Amino acid sequence: IERAEQAVLVDLAVSAGRCGGAAAWDYDRGEWLAVSAPAVVLASGGGSALYLVHDNPPLITGDGYAAAYRAGASLVNLEMVDFQPLCVSPEKMRGFAPHPTGFIIMGSIFRNASGEAFMERYYPGIAEQAGRAEICRAMAMEIREGRGTPAGVIYLDSTPLPLERILKYAPHIYRQYKNHGIDLTERPQEMAPGSHTWLGGVKIDVDGAADVPGLFAAGDNAGGIHGANRIGGSALSAAMVFGSRAGKAA
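This report concerns the structure included in the present document. Small disclaimer: the values here were computed from a predicted structure and weren't measured.

So, about the pairing of strand 3 (residues 31-36). Where burial is concerned, little of strand 3 is hidden: zero out of the six residues are buried. Relative to strand 3, strand 2 (residues 18-26) is paired through six bridges, and the arrangement is antiparallel. Among the inter-strand pairings, Gly21 is bridged to a residue of strand 3, identified as Ser36. Counting the residues in the hairpin turn of strand 2 and strand 3 gives four residues, including Gly30, whose phi is positive at 65 degrees.

Quick look at the structure:
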């Protein structure tokens, strides 16, 4: 298999209604790269880096969707984006995913700029035990209505928790913050909803085939697998299952 590690997709090649390759830019050589193939599998990720807060590599900007659209492929569910609470401050940690579920289980509380534990107001009786999508919605509403911090974020307060408990359940997260001068027993995390994965994308069949002959998609490029939300961990399993099926079919 010939590899072009530092090449970025620019467009798909379509002739007589069939996808037969791609055009790319080779960063290593500083030149165009033309690829001819009997089938193409799109696996260039979603579009989370289009958002100010995200946890994706910087080049994940929806290029696969755009190329598929220009090639005539149908797209589905692009409005369905999966968010999770992500670190915003300090700037060097922007986009860091601190596994808030673990901190919630330990007893951490989401607070707005005035220190109010606001989750109970949105979801009485369950508060922080609501689902990830519900938590992100409540955070976004607080920020949108002006109750976020001056930096436009929400606090996840773990300061009442014993250090021993944090070190037992989230030692790597504690160390990551500590390396940036923050002690989570003294200062809350500053978080905002961030784009994590995209649930929509290229419309595929059970073998990962798009409605343009010769074109397949998998991973975040493929849409319609999860619906409007997804179970935690199923993004990886979907990528493995449909990546394998698309590869075999291609």
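Now that the structure is up, let's keep going.
Quick look at the sheet that holds strand 2 now. What links the strands of a sheet is backbone hydrogen bonding, and the strands pair in either a parallel or an antiparallel sense. Spatially, the three strands line up as an open sheet ordered 1-2-3, and their pairing is antiparallel. For this open sheet the edge positions go to strand 1 (7-15) and strand 3, each flanked by a neighbour on one side alone. Direction aside, the axes of adjacent strands within the sheet are offset by 25 degrees on average.

Spatial ordering of the open sheet is given by 6-9-8-7, a layout of four strands whose pairing is antiparallel. Of all the strands in the sheet, just strand 6 (81-89) and strand 7 (109-111) have a single pairing partner and so form its edges. Here the average twist between neighbouring strands, direction ignored, is 45 degrees. Taken together, the three bridges between strand 7 and strand 8 (residues 154-157) define a ladder with antiparallel strand orientation.

Definitions and limits used
Residues numbered from 1 in each chain as written. Predicted model: local features only at pLDDT ≥ 70, side-chain atom pairs only at ≥ 80, totals over all residues. Heavy atoms only, no water. Buried < 20%, exposed > 50% of the residue type's maximum accessible area, 1.4 Å probe, protein only. Helix = DSSP H or I, 4+ residues; strand = E, 2+ residues; numbered from the N terminus. Pairing = 2+ DSSP bridges. Axes fitted to C-alpha atoms, helices over the stretch in contact; angles between N-to-C directions.

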